[in-house]
Amino acid sequence: MSPKKSSNDKALSAKGKGGAAQNPLSSSIRAQTQEALAVIFAVRLINALCVRTFFQPDEYFQALEPAWNMLFGENSGAWLTWEWQHKLRSSVHPAVFALGYYVVQSFWGPSMAPTAKAQWLLAAPKVLQTSFAALSDWYTWRLAEKLYGHSSIAAWSVLLMTLLNPWQWYTSTRTFSNCFETTLTAMALYYWPWELLGTQDDGNTESKYSSSPILETWSQVNSLRLSLVLAAFAVLLRPTNALIWLAVGTLVLTRATLDGKSPLTRRNLLVVFREAILCGSFVLGLSLLADRQYYGDWTFPPFTWLHFNVAQDLAVFYGQNDWHYYLSQGIPLLCTTITPFVLKGLFRSLDAETSNWPITTTNTLKALTFIIVTTIASLSFVSHKEVRFITPLLPALHILAAPHITTFFTTAVDAAATYSPSALGWKRTPLLAAGLLVNAIIGGYLASFHAAAPIQVMSFLRTEFESLHPGNLAIPPRPASATTTTTAGEEEDLSQELFALFLTPCHATPWRSHLVYPDLRARALTCEPPVDTTPGSLERQKYQDETRRFYADQVGFLRKLWPPDAPGEDMARYIVGFEGIEPTLREYFGPSGPGKRHKIELKEVWSSWNGLFTDDDRKSGRLVVWSTGFYDDVWPIEP
């Protein structure tokens, strides 16, 4: 047996020795993994501090807004979108961030200045998500060590690819459910007993089943339980995650393309089914109780999610993509410069048995390929596609690419071997340096500069509110019996003041998680889908949400918002919009415009560049804040 294979066999059988006395080697390995986790967390914390841009609304409206509402209540100003009103989302994910808000509110909030408290409330979700991102990286690396061997060059390559991937740098520390799903998936894949796919032939010709001890110790069974519980939570979070585990289950039962002897005896099969039912029921029960507490009645969000997005086809309302989107754009965006090595890894995994790797490793690589292929194929049938929907596949993609990127850029003959830094040489260093530079430019620009204006404008508005209304910074809001004095530092009645009006595409900025103060009243254009219409109906085809109505007839929309001969909605102190709407505002509020009676003289008080490109022409140019002056002076309004 080769040294490499022996090393891998030890790595893959380690968890089968649960309960064994600890030796210096295992203590050294444990110390190394703990040190690695600390370093990974530090890197991701720096990553989180560098992320200062807006990516997609779900980062805020599917996580932080419901979390804010959970802790601070309905009068806190949180914006709950239609998914939460119609109970499509599980409350488990926002509850995690509500816990972060609770820690700030309960332990530091009472003795903290409101402005300092606001900063901590902004930081709490970032710290939590940094932890989840670090765990995702760590468990991906640990799974690679199980497959390729402890401290193997391939395993270290997986960790470096994960940390240097620009997509990860851009998204992993954001509070998307997909990012949390990726963490849960990486952990579940690590704890899954991959030996169930097949073991080395034991030479026993009298039985078609392997005699290797599988699921016989508490350590092995507990590892299976952890995997199933984590997988169940991932499925509750994003029902499409079930595709990953259907793929694993299919291979375990059919053993198509797998090598070695099957360990799936009747006993082992019963153990797997028993644990799947028990763990699934446990997670389902917790979810039902959590959603009962949050929504006030019994509901099962994954079923409602499938009904609205598949049966009612409402996902189409948020965009459609070509069937090949995940192949032509998804994987290249997800993997960037390592895409060629990922493709090679997918192809070479099909004949992995020609390598010297253990049976469990070759079968696992085939399983990871099967997971990727079946998940992408299934999601390609859904018309609404986004790159982040396949982010949970990233750990598998990195693991498959590792041996090939290792042998391409280093002198290592065996990617699964262990090399000291002095013994390892490098090849094609100019190409490697160019790849790292491209990754740094993409990740750095997207995380720190592209679409930074939507984040910056919230900071500007929050700071203005602190300056103008220092007595109205209570979090959560005080009871309705507010005072009406205006002395600096005392509370004012702001129920009639609309502080900011956002005339931007729907959900183009964060909301209460960044505005923070409940008394900072704001209004934005909405974009609820036509939930009460039939798919394909004429009514649905003609439906236009508020955002589309505004951009179809901007002056006409403002006439309805503030009619020339009726009170209309409250006038805003500040109007926020992209620079393209300025001519509309000037026309409406001009001396001969429909809104002349308001005596508004628009003044640009803040603006910021929004990036080199945009996926929506309505967001092009600068993001601007105009002051209306409406609350600065009292003007006589013409009848």
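Read on for a plain summary of the structure. (Residues numbered from 1 in each chain as written. Predicted model: local features only at pLDDT ≥ 70, side-chain atom pairs only at ≥ 80, totals over all residues. Heavy atoms only, no water.)

A few points about the overall build of the protein chain
Part 1 of the reasoning: Of regular secondary structure, the protein chain possesses 24 helices and 5 strands.
Part 2 of the reasoning: Relative to the compact-globule value of 26 Å for 639 residues, the protein chain shows a C-alpha radius of gyration of 28 Å, a close match.
Part 3 of the reasoning: Counting only C-alpha atoms, the protein chain reaches 100 × 55 × 55 Å along its principal axes.
Part 4 of the reasoning: For the protein chain, with 639 residues in total, the buried portion stands at 54%.
Part 5 of the reasoning: Within the protein chain, residue pairs in contact and separated by at least 24 positions form 76% of the contacts whose partners lie at least 6 positions apart.
Part 6 of the reasoning: Working note: accessible area of the protein chain is about 28500 Å², and carbon and sulfur atoms make up 61% of it.
Part 7 of the reasoning: With 51 positive and 53 negative side-chain charges, the protein chain shows a separation of 8 Å between the mean positions of the two kinds. (Helix = DSSP H or I, 4+ residues; strand = E, 2+ residues; numbered from the N terminus. Rg over C-alpha atoms; globule rule 2.2 N^0.38 Å. Buried < 20%, exposed > 50% of the residue type's maximum accessible area, 1.4 Å probe, protein only. Contact = heavy atoms within 4.5 Å. Areas by Shrake-Rupley, 256 points an atom, 1.4 Å probe, with all protein chains shown as cover. Lys, Arg positive; Asp, Glu negative; His and termini not counted. Charge placed at Lys NZ, Arg CZ, Asp CG, Glu CD.)

Description of the sheet that holds strand E1 (residues 498-502)
Part 1 of the reasoning: Spatially, the 5 strands line up as an open sheet ordered E2-E1-E3-E5-E4, and their pairing is mixed. Edge positions in the sheet fall to strand E2 (522-524) and strand E4 (603-608), since each of these pairs with one other strand and no more. Neighbour-to-neighbour, the strand axes of this sheet turn through a mean angle of 20 degrees, independent of strand direction.
Part 2 of the reasoning: When E1 meets strand E3 (residues 572-578), the two strands line up parallel, connected through 4 bridges. What sits directly across from Phe502, in E3, is Val576. (Pairing = 2+ DSSP bridges. Axes fitted to C-alpha atoms, helices over the stretch in contact; angles between N-to-C directions.)

With respect to the packing of helix H9 (residues 177-191) against helix H10 (residues 218-237)
Part 1 of the reasoning: At their nearest, the axes of H9 and H10 sit 8 Å apart, and the two run at 160 degrees to each other. Put simply, H9 runs roughly antiparallel to H10. Between H9 and H10 lies a crossing of left-handed hand. Taken together, the residues of H10 that come into contact with H9 (itself represented by Ser177, Phe180, Glu181, Leu184, Thr185, Met187, Ala188 and Tyr191) are Ser223, Leu224, Leu226, Ser227, Leu230, Ala231, Phe233, Ala234 and Leu237. (Parallel < 35°, antiparallel > 145°, perpendicular 65-115°, else oblique. Left-handed = near helix turned anticlockwise from the far one by under 90°.)

Re the state of the cysteines
Part 1 of the reasoning: Overall, the coordinates contain 1 disulfide when judged by the stated rule.
Part 2 of the reasoning: Shown here is the disulfide that connects Cys506 with Cys527, its sulfur atoms set 2.1 Å apart. Judged by the sign of its S-S torsion, about -60 degrees, the bond between Cys506 and Cys527 is left-handed. Remark: Cys527 occurs in the loop between E2 and helix H21 (538-542) and Cys506 occurs in the loop between E1 and helix H20 (512-515); sequence separation between them is 21 residues. Here Cys506 matches Cys527 in class, with each residue buried.
Part 3 of the reasoning: No disulfide involves Cys50; its sulfur sits 16 Å from the nearest other cysteine sulfur, which is in Cys179.
Part 4 of the reasoning: For Cys50, a relative accessible area of 27% corresponds to the partly exposed category. (Disulfide = S-S within 2.5 Å.)

Focus on the packing of helix H6 (residues 114-148) against H9
Part 1 of the reasoning: The interhelical angle for the contact between H6 and H9, taken along N-to-C directions, is 30 degrees, at an axis separation of 8 Å. On the basis of their axis angle, the class for H6 and H9 is roughly parallel. You can see that H6 and H9 cross each other, and the crossing is left-handed. Within the contact between the two elements, H6 uses Gln129, Phe132, Ala133, Leu135, Ser136, Tyr139, Thr140, Arg142, Leu143 and Lys146 and H9 uses Cys179, Phe180, Thr182, Thr183, Ala186, Met187, Leu189, Tyr190 and Tyr191.
Part 2 of the reasoning: Considering only residue class, the contact of H6 with H9 consists of 12 nonpolar, 5 polar and 2 charged. (Nonpolar A, V, L, I, M, F, W, Y, C, P; charged D, E, K, R; others polar.)

Describing the packing of aromatic side chains
Part 1 of the reasoning: Counted by the stated rule, this structure contains 40 aromatic pairs.
Part 2 of the reasoning: Taking the centre distance of 5.9 Å and the plane angle of 80 degrees together, the rings of Trp84 and Tyr294 count as edge-to-face. In this pair, Trp84 sits in helix H4 (residues 82-85) while Tyr294 sits in helix H12 (residues 266-295), placing the two residues 210 residues apart along the sequence.
Part 3 of the reasoning: The exposure class assigned to Trp84 is buried, which follows from its relative accessible area of 4%.
Part 4 of the reasoning: Note on Tyr294: relative accessible area 21%, which makes it partly exposed.
Part 5 of the reasoning: Residues Tyr294 and Tyr295 carry aromatic rings whose centres are separated by 4.9 Å and whose planes lie at 75 degrees to one another, so their mutual orientation is edge-to-face.
Part 6 of the reasoning: An aromatic cluster of at least three residues, connected via ring pairs, comprises Phe460, Phe465, Phe499, Tyr517, Tyr574 and Trp606.
Part 7 of the reasoning: The lysine or arginine in question, Arg292, covers the ring of Trp298, its NZ or CZ lying 5.6 Å from the ring centre. (Phe/Tyr/Trp six-rings, centres within 6.5 Å; stacked < 30°, edge-to-face > 60°. Lys NZ or Arg CZ within 6 Å of the ring centre and 35° of its normal.)

What to know about unusual backbone geometry
Comment: phi is negative for the bulk of residues other than glycine, and the bulk of peptide bonds are trans.
Part 1 of the reasoning: For the peptide bond that leads from Ile475 to Pro476, omega is 0 degrees, which places it in the cis range.
Part 2 of the reasoning: Its place among the elements puts Pro476 in the loop between helix H19 (453-468) and E1.
Part 3 of the reasoning: Backbone geometry at Leu215 places phi at a positive 55 degrees, although glycine is not the residue there.
Part 4 of the reasoning: Mapping Leu215 onto the fold places it in the loop between H9 and H10.
Part 5 of the reasoning: Positive phi outside glycine occurs at Arg255, with the angle close to 55 degrees.

Things to note about the pairing of strand E5 (residues 623-627)
Part 1 of the reasoning: E5 sits mainly inside the fold: 5 of its 5 residues count as buried.
Part 2 of the reasoning: Neither face of E5 is open: one carries Leu623, Val625 and Ser627, the other Val624 and Trp626, and all of them are buried.
Part 3 of the reasoning: Sheet topology places E3 next to E5; 5 bridges connect them, and they run antiparallel. Directly across from Ile575, in E5, lies its bridge partner Trp626.
Part 4 of the reasoning: Here 5 bridges tie E4 to E5, and the two strands are oriented antiparallel to one another. Residue pairing across strands places Ser607 opposite Val624, the latter belonging to E5.

Digging into the nonpolar core
Part 1 of the reasoning: Formed by 132 residues in total, the largest nonpolar core has its most connected members in Tyr148, Trp192, Trp194, Ile399, Leu461 and Phe502.
Part 2 of the reasoning: When residues in this core are grouped by element, the largest group, 12 residues, is from H6.
Part 3 of the reasoning: Leu503, Phe550, Leu558 and Tyr588 belong to the second largest nonpolar core, which has 20 residues in total. (Core = buried A, V, L, I, M, F, W, Y, C linked by side-chain atoms within 4.5 Å.)

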